[in-house]
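# Examining the three-dimensional arrangement
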Amino acid sequence: MVVDEVAVPRRFVVGEPLEGDEVVRKGVKLVERGVVRKEGDANRVYLEGMVFMPQSFFCNDHRWGFREVEDAEVDRIVDGAWSGRALGAVGVDEEEGLGVEERVRWRKEQIRRLKMRKELFPWMREDTVVYANFNQLYKIDPDIFATWMNIIKRVPNSILWLLRFPPAGEAHLRQKARELVGEEVASRLIFTDVAPKHLHIHRGRIADIFLDTPECNAHTTAADILWSGTPIVTYPKYDFKMCSRVAASVAYGTGSWGNEKEKRKYEVERGWVKDLNGGERDRVGQGLDMDLERLEDVTLLGHHMVVNSYWEYEEQAVRLGSGMRWDWKEIGPGSLQQQQGQQGHQNAVGSRATTASYAIAQSSQQSSQQSSLASQDFKQPQHSQQAPSMSSFAYSAPAATNHHSATIQQQQPFNYYLQPLQHLTPQVAPIFHPNAQNPTHIFTPTSKNLATALRRRLFLTRDSMPLFDTPLWVKNLESGMTAAVKGWEEGWERFKGRNVREG
């Protein structure tokens, strides 16, 4: 059986002798399933002969089978913004360290994501944190569902996106959500139909964070979502149950941070011991608590996606979601603040809102809807993907010359979901994409936060990371098979020697 040591720890494999038997790092106690016995196979549950891979055992063909579909409109917008510009004069900003080709690819991805979010959820504000799970609903256990409800309750500008997989489960989960967190939070539980495979993979980019199911993880779905660039949070609940550890294996196949600035900012601390007496650790996001040499790399992306308890799962998901910030980004080279001298302000939920020059625009038709919305709280209908829109706005850039113009509204701070829009002051500026013919800026999550930094790294390195490198997987399989045969030969020699000694 082809495995790796994250998915199947060696100490649970029958006939897999360890050096020094069950010796582990000093200070690490193996008590999750009781005291580990050094003699006998009481703790060894896998009878198969194992081929251990140096990276994730999970094989896939996403790099060949699910290439990005070209979008002529996005290409025109981004390529036009960069055409004829001084590519070296890009300024020092959050994208420092990215080459020109990487910046162009990342900007196209940001616009594709904005478009797809608006197409699927036209009622949704752009500064909404979208948590998602695309597993079949039978994988949801009561503990993880309660954890999910706590997460969206603690992150008020968030929704939880599930699939009708099967449709019969929707009503039951909605009812349970109301029992757990009440009507307002439960109304942010959103269901959509299952999409065809190719669309399913690419629309994974709509989500900000994928929340995995611990009892039985996402398998292919975990690879799907990481290929789309969306980070996951997964809890390998059982050390002896492979189906609860697959997503951790997949997450640790995503490689590490790239430049030194990222490594210094996001490297984790290792070598700690989790509290085995029921106490809650105050450190979250340190990766899987497992004594494994390849996990000693403090720059692995997987450390930010794999947790060790339901409590840590909730804390990490909240940390990723609540840490998100939004700001204006110029589509072409340059820094918005440097070129325009503008600074945003912090709104009530921590997003980077717009100043007078960078405002939220409404068409005349949308303006007519404003008065009716001004007295309403934002609520998502339970059985519809449509909702009263506080966000069917087009974003505007500060350029003064554009024949696509409309009345622009300046957005004042307000509590997301909790109170209606405040008074808006009109201005005039060109309408932003998709209404504008030649948009200049996008309003998007800033890469200064961990969730978006993970997304950017996952997206830009997906063609080179071990998880999606099938030729590398084949080479690793060959090496693993060679090591397995060698181990069998050594074991056979020991067996023959024992027979000789015992007469």
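Use the structure listed above.
Let me begin by describing the structure that accompanies this report. Small disclaimer: the values here were computed from a predicted structure and weren't measured.

Conventions we followed
- Residues numbered from 1 in each chain as written.
- Predicted model: local features only at pLDDT ≥ 70, side-chain atom pairs only at ≥ 80, totals over all residues.
- Heavy atoms only, no water.
- Helix = DSSP H or I, 4+ residues; strand = E, 2+ residues; numbered from the N terminus.
- Buried < 20%, exposed > 50% of the residue type's maximum accessible area, 1.4 Å probe, protein only.
- Contact = heavy atoms within 4.5 Å.
- Areas by Shrake-Rupley, 256 points an atom, 1.4 Å probe, with all protein chains shown as cover.
- Axes fitted to C-alpha atoms, helices over the stretch in contact; angles between N-to-C directions.
- Parallel < 35°, antiparallel > 145°, perpendicular 65-115°, else oblique.
- Left-handed = near helix turned anticlockwise from the far one by under 90°.
- Nonpolar A, V, L, I, M, F, W, Y, C, P; charged D, E, K, R; others polar.
- Arc of directions from axis to C-beta.
- Salt bridge = Lys/Arg side-chain N within 4 Å of Asp/Glu carboxyl O.
- Pairing = 2+ DSSP bridges.
- Core = buried A, V, L, I, M, F, W, Y, C linked by side-chain atoms within 4.5 Å.
- Right-handed = clockwise from strand over helix to strand, strands pointing away.
- Phe/Tyr/Trp six-rings, centres within 6.5 Å; stacked < 30°, edge-to-face > 60°.
- Lys NZ or Arg CZ within 6 Å of the ring centre and 35° of its normal.
- Disulfide = S-S within 2.5 Å.
- Patch = residues over 30% accessible without salt bridge, like charges linked within 9 Å, V, L, I, M, F, W, Y side chains within 5 Å.

## Quick look at the overall build of the protein chain
- Of regular secondary structure, the protein chain possesses 14 helices and 15 strands.
- Buried residues in the protein chain amount to 53% of all 503 residues.
- Taking the contacts inside the protein chain whose residues are at least 6 apart along the sequence as the reference set, 77% of them involve residues at least 24 apart.
- For the protein chain, the accessible surface area stands at approximately 22,000 Å², while carbon and sulfur atoms represent 52% of it.

## Overview of the packing of helix α4 (residues 142–154) against helix α5 (residues 169–186)
- Two elements in contact, α4 and α5, have axes separated by 10 Å at closest approach and are oriented at 25 degrees. When the interaxial angle is binned, α4 and α5 end up roughly parallel. Judged by the twist between their axes, the crossing of α4 over α5 is right-handed. On α5, the residues touching F145, A146, M149, I152 and K153 of α4 are L173, K176, A177, L180, V181 and V185.
- Grouping the constituent residues of the contact of α4 with α5 by class yields nine nonpolar, no polar and two charged.

## As for helix α2 (residues 72–82)
- Those residues of α2 not exposed but buried are V74, D75, I77, V78, A81 and W82. One side of α2 holds all its buried residues, which, seen down the axis, span an arc of 165 degrees.
- Lining the buried residues of α2 we find α3 (100–120).

## With respect to the pattern of salt bridges
- What the rule picks out here adds up to 32 salt bridges.
- We note a salt bridge from D71 to K115, for which the minimum N-O separation is 3.1 Å. With D71 in the loop between α1 (62–65) and α2 and K115 in helix α3, this pair connects stretches of sequence that are 44 residues apart.
- Between R112 and E109 there is a salt bridge; the shortest N-O distance is 3.3 Å. On the criterion of helical spacing, the pair formed by R112 and E109 is a turn pair, its members being three residues apart in helix α3.

## Side note on the sheet that holds strand β4 (residues 158–163)
- On the basis of which strands lie adjacent, the open sheet formed by five strands has the order β5-β4-β3-β6-β7 and parallel pairing. Every other strand in the sheet has two partners, leaving β5 (189–192) and β7 (232–233) as the edge strands with one partner each.
- Bridge count between β4 and β5: four bridges; the pairing is parallel. Bridging from a neighbouring strand, W161 pairs with I190 of β5.
- The strands that α4 touches are β3 (129–133), β4, β5 and β6 (209–211); relative to β4, the one it contacts most, it runs at about 145 degrees.

## Points about the nonpolar core
- Ranked by internal contacts, the top residues of the largest apolar core, which has 96 residues, are Y131, W148 and L211.
- For this core, the element with the highest residue contribution is α4, accounting for six residues.
- Residues in contact with L211, not counting those within four places in the same chain, are Y131, A132, N133, W148, I151, L160, V233, Y313 and A317.

## Here's the deal with the side chain of N476
- By the secondary structure assignment, N476 is in helix α14 (residues 470–501).
- Discounting residues that sit within four places of it in the chain, N476 has contacts with M53, P54 and Q55.

## Notes on the pairing of β3
- Counting buried residues along β3, five of its five residues qualify, which places the element largely inside the surrounding structure.
- Neither face of β3 is open: one carries V129, Y131 and N133, the other V130 and A132, and all of them are buried.
- The parallel pair β3 and β4, bridged by α4, forms a crossover whose chirality is right-handed.
- Looking at chain direction, β3 and β6 are connected through two bridges and run parallel.

## Side note on the environment of A7
- In this fold, A7 is placed in the loop between β1 (2–3) and β2 (51–52).
- Judged by its relative accessible area of 0%, A7 falls in the buried class.
- Along the sequence, A7 and F240 sit 233 residues apart, while their C-alpha atoms lie 8.9 Å from each other.
- Contacts of A7, omitting those with residues within four sequence positions, involve Y46, F57, M242, R245 and S249.

## Observations regarding the packing of aromatic side chains
- Inspection of every chain in the model, using the stated rule, returns 13 aromatic pairs.
- Note on W106 and F459: the rings are 6.3 Å apart at their centroids and 45 degrees apart in plane angle, and the pair reads as tilted. Highlighted residues: W106 in helix α3 and F459 in helix α13 (residues 450–460), separated in sequence by 353 residues.
- Of the residues examined, W106 reaches a relative accessible area of 2% and is grouped as buried.
- Residue F459 is classed as buried on the basis of its relative accessible area of 4%.
- What links up through ring pairs into an aromatic cluster is the set F121, W123, F134, W161 and F210.
- Stacked on the ring of F52, the Lys or Arg R10 has its end atom at 4.0 Å from the ring centre.
- Just above the ring of W227 sits the side chain of R462; from NZ or CZ to the centre is 4.2 Å.

## Describing helix α7 (residues 220–227)
- For α7, the tally of buried residues reaches seven of eight residues, placing the bulk of the element in the interior.
- Along α7, the positions that sit buried rather than exposed are T221, A222, A223, D224, I225, L226 and W227.
- Looking at the buried residues of α7, the elements they touch are α1, α6 (197–202), β6, β7, α8 (246–251) and α13.
- Following α7 by one or two positions, G229 has its phi on the positive side, about 100 degrees.

## Focus: the state of the cysteines
- In this structure the tally under the stated criterion is zero disulfides.
- Between C216, a free cysteine, and C243, which holds the nearest cysteine sulfur, the sulfur-to-sulfur gap is 4.2 Å.

## Examining a nonpolar patch on the surface
- On the surface, W488, W492 and F495 cluster together into a nonpolar patch covering about 360 Å² of accessible area.
- Counting through the fold element by element, W492 comes out in helix α14.

## Let's talk about the environment of M290
- Its place among the elements puts M290 in the loop between α9 (260–266) and α10 (310–322).
- What makes M290 buried here is its relative accessible area of 13%.

Geometry only, nothing functional implied.
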